[in-house]
Amino acid sequence: MSEDFDKLALDYHRRPKPGKLAIVATKPMANQRDLALAYSPGVAAASTAIANDPAQAAELTARANLVAVVTNGTAVLGLGNIGPLAAKPVMEGKAVLFKKFAGLDCFDIELNETDVDALVDTIVRLEPTFGAINLEDIAAPACFEVEQRCRERMKIPVFHDDQHGTAIVVGAAALNALKLVGKKLDEIKVVSTGGGAAGIACLDLLVSLGIRRENVWLVDRVGVVYQDRNEEMNTYKAAYAKDTTARTLDEVIDGADLFLGLSGPRVLAPDMVKRMADRPIILALANPEPEIMPDLAREARPDAIIATGRSDFPNQVNNVLCFPFIFRGALDVGATTVNEAMKLAATHAVANLARAEPSDVVAAAYTSEDLRFGPAYILPKPFDPRLIIEVSSAVAKAAMDSGVATRPIQDFRAYKDELGQYVFRSGLVMRPMMLRAKQAPKRVVYAEGEDERVLRAAQTAVDEGIAQPVLIGRREAIERSIAELGLRIKPGRDVEVIEIIRDLRYHNYAEVYRRLMGRRGVSPAHAINVVRTQPTVFGALMVKRGEADALICGTSGRYGDYLSHVMDVIGLRKGVKVASAMNLLILEKGTYFLSDTYVNCEPTAEQVAEIARLAAEEVRRFGIEPKVALLSHSNFGSADTPTARKMRTACQLLAEEFPELEADGEMHADAALSEAIRNRVLPDSRLKGQANLLVMPTLDAANIAFNMLKVLGDAQNVGPMLLGAARPAHIVTPSITVRGLVNMTAIAVVDAQLAAPVAAAPRPPVVDAAAEE
């Protein structure tokens, strides 16, 4: 590490507040009532309930989501025995990873104790506080005994990540590398350097996976582990002792299929690599310098698959791929231990994820890397959002199947949806839409069918069964992108591809478009040009003619241009006088809908009332009862400006025309969001509780508030949703993510389910229209 990097690291730990952790309350503490509930006398009810039934602790306290990271600082990273105090930054870092990747709360506990008996006794006494124990950086061989004795005495998971986390990721790497080179587990020769905790655990798990113990050669700093050796031996190493006269790594490396290094730098020489078997697998995991640098190994054996513990080379073996998610799954089912079945389930889940197509999140984070399964990609990336879903659920199921779960999960599909909320914050809010969409998937046409995000969203839509995607674009370009992205969708089978220039419908569509435009200066020739060159127009015409059920467009370009095309072709719903847009923001404090964020600059009172009604209608589709606040700088008549009068009138219109709708205004934003503030001004307001649909007086107010809340509140956005169109159509924005497109797809499908059906026009054959011209 350079001095500059060290300085950056120290500054990172010092500012703006020392350390990396803080405690945040999960319940409000705003008044005397809250205090009485949180502490005396209310807390007595919770304590009594737990005394009567200890299982209630999982529902009444944070214990079921709380992990202890415990160390005595005797084997910290590559720094050795630096003691518990110096180990604290590492343990804090581990706690942060638990929170970041799995939503688990974590306390770091550094114990000034090296005596095994005393260390075990101390850890065991922590059981009432924590749901699980993560042992960290405890030197071998003491770590084996500490873990074993704690597991025997405790009824919660005790997991030494240095051992088993490393082993699980090594196991996943080995499974995938062997799959690529076409070798079988029970036929390969393994040579391993390093007889420490991680090294032994890795060999044990590889044996559990199917590697034959007699085919494993273990070499430590003394040399080959052989029978009757006395120097630096223990029972864990002895399990791999060989009846051999070989004493060095150089003597046993010949013909090795897999080298596993958990030792130190420059242990494996290029000459040794040359003598390994065909297509060797080299897992050189010493940090910061591995047993052999990847470039030297590649030079010696171009056919090798190589992994290291470093992030600056492909195939990083990193425990963060598994440990947060093992604990997540174990805690979610109340597992009493982490057993072999759970570790094997995690291994296979990690391995399988590397074989799947990469997620858009990973692709965006690693733009310069080829993320398709192959020699340079045998492990998923740490930021893959699917890890928590796949690994945690696999571990939870294995815990249930092996009989160590005290709180079995009844609905695994729902459980996976809940896990998704840790990475896709829109998951729970979108769940009603997703479930409804799956019941009757509709044909959704995407105007920008060549966009990488659209293709990824189409893959997800097919996988989740929420839609039948129709992609407008060049077939060759779409097929090429699908292959480059490693997606599994196949045009003609999973998705329909519309290549406008080869589609005969554009003649009929052009005439329909010309008639729709009426006397607006659109000649037949111009109509043909627009239909052939504007995918949004073509897609909108498909929806209008019943050849698709919904349209999604807007991934590039200006919102207003798309809106113009949609209104020209699809128009407004019968009885609706104005279209509008609504966005959903998911914040830590709640879920809020804002309108009109994109369409009407200065809506009239009548238009505001209609915008509120249409927005409330859409909110109900999320399974949420709308509570509408018409916002203003005026608070229930405190000002008499034009905008205040407009919002006041709109509120009156809503009350007259839709008395069942819980709505009030005009009011300040704080009054809308706080019933206490509102009651001080107007105790008899029609709005009860907190508003969840905020209707703004102008486009400026709505768009500024939306973007400000999105950034300052670190909010997850869903939308914009177009309201009032005659047929389902939504115009997204260029910043939309793949998950955003998936969400909008589900919304469009539900809109289509509720819309009156349109009889599809007869479809002409697809021909090469360009050739015809």
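About the cut-offs
Residues numbered from 1 in each chain as written. Predicted model: local features only at pLDDT ≥ 70, side-chain atom pairs only at ≥ 80, totals over all residues. Heavy atoms only, no water. Pairing = 2+ DSSP bridges. Helix = DSSP H or I, 4+ residues; strand = E, 2+ residues; numbered from the N terminus. Axes fitted to C-alpha atoms, helices over the stretch in contact; angles between N-to-C directions. Contact = heavy atoms within 4.5 Å. pLDDT = per-residue confidence, 0-100. Phe/Tyr/Trp six-rings, centres within 6.5 Å; stacked < 30°, edge-to-face > 60°. Lys NZ or Arg CZ within 6 Å of the ring centre and 35° of its normal. Buried < 20%, exposed > 50% of the residue type's maximum accessible area, 1.4 Å probe, protein only. Expected span 1.5 Å × (residues − 1). Right-handed = clockwise from strand over helix to strand, strands pointing away. Salt bridge = Lys/Arg side-chain N within 4 Å of Asp/Glu carboxyl O.

**Things to note about the sheet that holds strand 8 (residues 281–284)**
Part 1 of the argument: Pairing is parallel in the open sheet, where five strands are placed in the order 6-5-7-8-9. If you trace the sheet from one side to the other, it starts and ends with strand 6 (216–219) and strand 9 (305–308), each paired once. In this sheet, adjacent strand axes meet at a mean angle of 10° when their direction is disregarded.
Part 2 of the argument: Relative to strand 8, helix 8 (residues 161–181) is tilted by about 160°, and along the sheet it contacts strand 7 (258–261), strand 8 and strand 9.
Part 3 of the argument: Against the sheet, helix 9 (residues 197–209) touches strand 5 (190–193), strand 6 and strand 7, its axis set at about 150° to strand 7.

**Observations concerning the confidence of the model for the protein**
Part 1 of the argument: On average, residues of the protein carry a pLDDT of 93, and 97% of them reach 70 or more.
Part 2 of the argument: Segment residues 764–773: pLDDT under 50, and 22 contacts once partners within four positions in sequence are set aside and those in other chains are kept.

**Observations regarding unusual backbone geometry**
Part 1 of the argument: Asn287 connects to Pro288 through a cis peptide bond whose omega is 0°.
Part 2 of the argument: With respect to the helices and strands, the residue Pro288 is situated in the loop between strand 8 and helix 13 (294–300).
Part 3 of the argument: Cis rather than trans, the peptide bond between Gly665 and Glu666 has omega equal to -10°.
Part 4 of the argument: Looking at the secondary structure, you find Glu666 in strand 17 (residues 663–667).
Part 5 of the argument: A positive phi angle, close to 75°, is found at Asp228, a residue other than glycine.

**Quick notes on the packing of aromatic side chains**
Part 1 of the argument: One pass over the structure, following the stated rule, counts 11 aromatic pairs.
Part 2 of the argument: Among the aromatic residues, those joined into a cluster by ring pairs are Phe98, Phe159, Phe323 and Phe327.
Part 3 of the argument: The ring of Trp217 is capped by Lys242, whose NZ or CZ atom sits 5.3 Å from the centre of that ring.

**Concerning the sheet that holds strand 16 (residues 628–631)**
Part 1 of the argument: Spatially, the six strands line up as an open sheet ordered 17-16-18-15-14-19, and their pairing is mixed. Where the open sheet ends on each side, the last strands, each with one partner, are strand 17 and strand 19 (716–723). Each strand of the sheet is rotated relative to its neighbour by a mean of 20°, with strand direction disregarded.
Part 2 of the argument: Direction of pairing for strand 14 (residues 580–587) relative to strand 15 (residues 590–595): antiparallel, over a ladder of six bridges. Bridge pairing links Asn583 to Leu594 in strand 15.
Part 3 of the argument: Across the face of the sheet, helix 27 (residues 642–657) comes into contact with strand 16, strand 17 and strand 18 (693–695) while running at roughly 170° to strand 17.

**Let's talk about helix 24 (residues 535–544)**
Part 1 of the argument: Of all the 10 residues making up helix 24, eight are buried; the element is thus mostly covered by neighbouring parts of the structure.
Part 2 of the argument: Listing the buried residues of helix 24 in full gives Thr536, Val537, Phe538, Gly539, Ala540, Leu541, Met542 and Val543.
Part 3 of the argument: A positive phi of about 80° marks Gly546, the residue just after helix 24.

**A look at helix 31 (residues 738–754)**
Part 1 of the argument: With 17 residues, helix 31 should cover 24 Å at 1.5 Å per step; its first-to-last C-alpha distance of 25 Å lies within 8% of that length.
Part 2 of the argument: With 15 of its 17 residues buried, helix 31 lies for the most part within the structure.

**Looking at the pairing of strand 2 (residues 105–110)**
Part 1 of the argument: Pairing of strand 1 (residues 66–71) with strand 2 involves six bridges; the strand directions are parallel. Within strand 2, the residue paired with Ala68 across the bridge is Phe107.
Part 2 of the argument: The handedness of the strand 1 to strand 2 crossover, carried by helix 5 (residues 84–102), is right-handed.

**Here we look at the pattern of salt bridges**
Part 1 of the argument: Applying the stated criterion to the full structure yields 58 salt bridges.
Part 2 of the argument: Residue Arg475 is joined to Glu479 by a salt bridge in which the shortest nitrogen-to-oxygen separation is 3.7 Å. Taken together, the positions of Arg475 and Glu479, both in helix 21 (residues 475–485) and four residues apart, correspond to about one turn of that helix.
Part 3 of the argument: Look at Arg475 and you get partly exposed, because its relative accessible area is 31%.
Part 4 of the argument: Bridged by salt links that share partners, the residues Arg573, Glu617, Glu618, Arg621 and Asp751 form one connected network.

**Here's the deal with the side chain of His565**
Part 1 of the argument: On the secondary structure map, His565 appears in helix 25 (residues 559–569).
Part 2 of the argument: A relative accessible area of 19% places His565 in the buried class.
Part 3 of the argument: Other than its neighbours up to four places away in sequence, His565 contacts Gln534, Thr536 and Val537.

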